[in-house]
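What follows is the residue order along each chain.
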Amino acid sequence: FIVEQAQIGELPIQDIFVSTRNFAHKIWKLLSEEEKIEFQNQYNSLWAVWRHPVPMFVIEELTQHIRQKLIEIVKVHRIEQHDDQLILHCPNDQQIRVNYLVNGTGGTSQISNTRNPLLRSLLDNQLIEAHPCGGIRLNTLNFKVQNQAKFKHIYCLGQLAKGELFSTNAFWFNSKCAGELVFLLMHEFLTESE
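Quick caveat, the model's predicted, so the values are computed rather than measured.

Thoughts on helix 6 (residues 117-124)
Argument step 1. Taken as a whole, helix 6 has its buried residues at Leu-119, Leu-122 and Leu-123. All buried residues of helix 6 lie within an arc of 100° about the axis, which places them on one face of the element. Along helix 6, exposed side chains directed more than 90 degrees from the buried face belong to Pro-117 and Asp-124.
Argument step 2. One or two positions beyond helix 6, positive phi appears at Gln-126, with a value near 55°.

Some details on the confidence of the model for the protein
Argument step 1. Averaged over every residue, the pLDDT of the protein is 78; residues scoring 70 or more account for 79%.
Argument step 2. Per-element mean pLDDT across the protein ranges from 67 in helix 2 (residues 13-20) up to 87 in strand 3 (residues 95-98).

Digging into the sheet that holds strand 1 (residues 78-82)
Argument step 1. Taken in spatial order, the 3 strands of this open sheet run 1-2-3, and their pairing is antiparallel. For this open sheet the edge positions go to strand 1 and strand 3, each flanked by a neighbour on one side alone. Taken over all neighbouring pairs, the strand axes of this sheet differ in orientation by 25° on average, direction set aside.
Argument step 2. Bridge analysis of strand 1 against strand 2 (residues 85-89) gives 5 bridges, and the strand direction is antiparallel. If you follow His-82 over to strand 2, its bridge partner there is Gln-85.

Topic: the nonpolar core
One recurring pattern in soluble globular proteins is that nonpolar side chains are buried together.
Argument step 1. Of all hydrophobic cores here, the largest spans 15 residues; its most connected members are Ile-128, Ile-136, Phe-143, Val-145 and Cys-156.
Argument step 2. Secondary-structure elements contributing two or more residues to this core are helix 6 and helix 8 (171-193).
Argument step 3. In terms of residues, this core owes the most to one element, helix 6, which gives 3 residues.
Argument step 4. If we skip the residues at most four places from it in the chain, Val-145 touches Leu-127, Ile-128, Ile-136, Arg-137, Leu-138, Ile-154, Tyr-155 and Cys-156.
Argument step 5. Formed by 5 residues, the second largest nonpolar core is a distinct cluster that contains Ala-24, Trp-28, Trp-47 and Phe-166.

Rules of the game
- Residues numbered from 1 in each chain as written.
- Predicted model: local features only at pLDDT ≥ 70, side-chain atom pairs only at ≥ 80, totals over all residues.
- Heavy atoms only, no water.
- Buried < 20%, exposed > 50% of the residue type's maximum accessible area, 1.4 Å probe, protein only.
- Helix = DSSP H or I, 4+ residues; strand = E, 2+ residues; numbered from the N terminus.
- Arc of directions from axis to C-beta.
- pLDDT = per-residue confidence, 0-100.
- Pairing = 2+ DSSP bridges.
- Axes fitted to C-alpha atoms, helices over the stretch in contact; angles between N-to-C directions.
- Core = buried A, V, L, I, M, F, W, Y, C linked by side-chain atoms within 4.5 Å.
- Contact = heavy atoms within 4.5 Å.

Next comes the structure, spelled out in structure tokens:
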């Protein structure tokens, strides 16, 4: 819908995205898990531009490079390591071999593959569960991590809450969530101490 509105109104797509920033997380909460996964598969890269409006001359320059075949945009389904190279598996059985790969997307979409010792330990001990849209599962009303373990006092903000909260890279949103979490924790602490 947003992409169509930008085309109809002949507006820069970034302007449309920026105008939705303050309520995008509310729309995200209304989507089913299947709809969230579908959105990420189809629009995740495009949606990333809302955070940083790109000047028109940069878009024109990139478009020119794409037409001249200097830049190719691909969707990667899987990455393998072979000797000193990475093999990027793309649609239509296309493979691209590279020596270096820089992930500038802001985080991993699947923490179940993480090598981080803390996250690996939390996953192995079932203290956290991976969210299919990135990060870990949590209750967005109180930021508590959802898990099968008996230990229920784990909370999460920021990038690891991406799958549930959607726009965790924005400072204003992290600040808002942190304020709400402090209020909830103080309320819980005061209730327990009575």
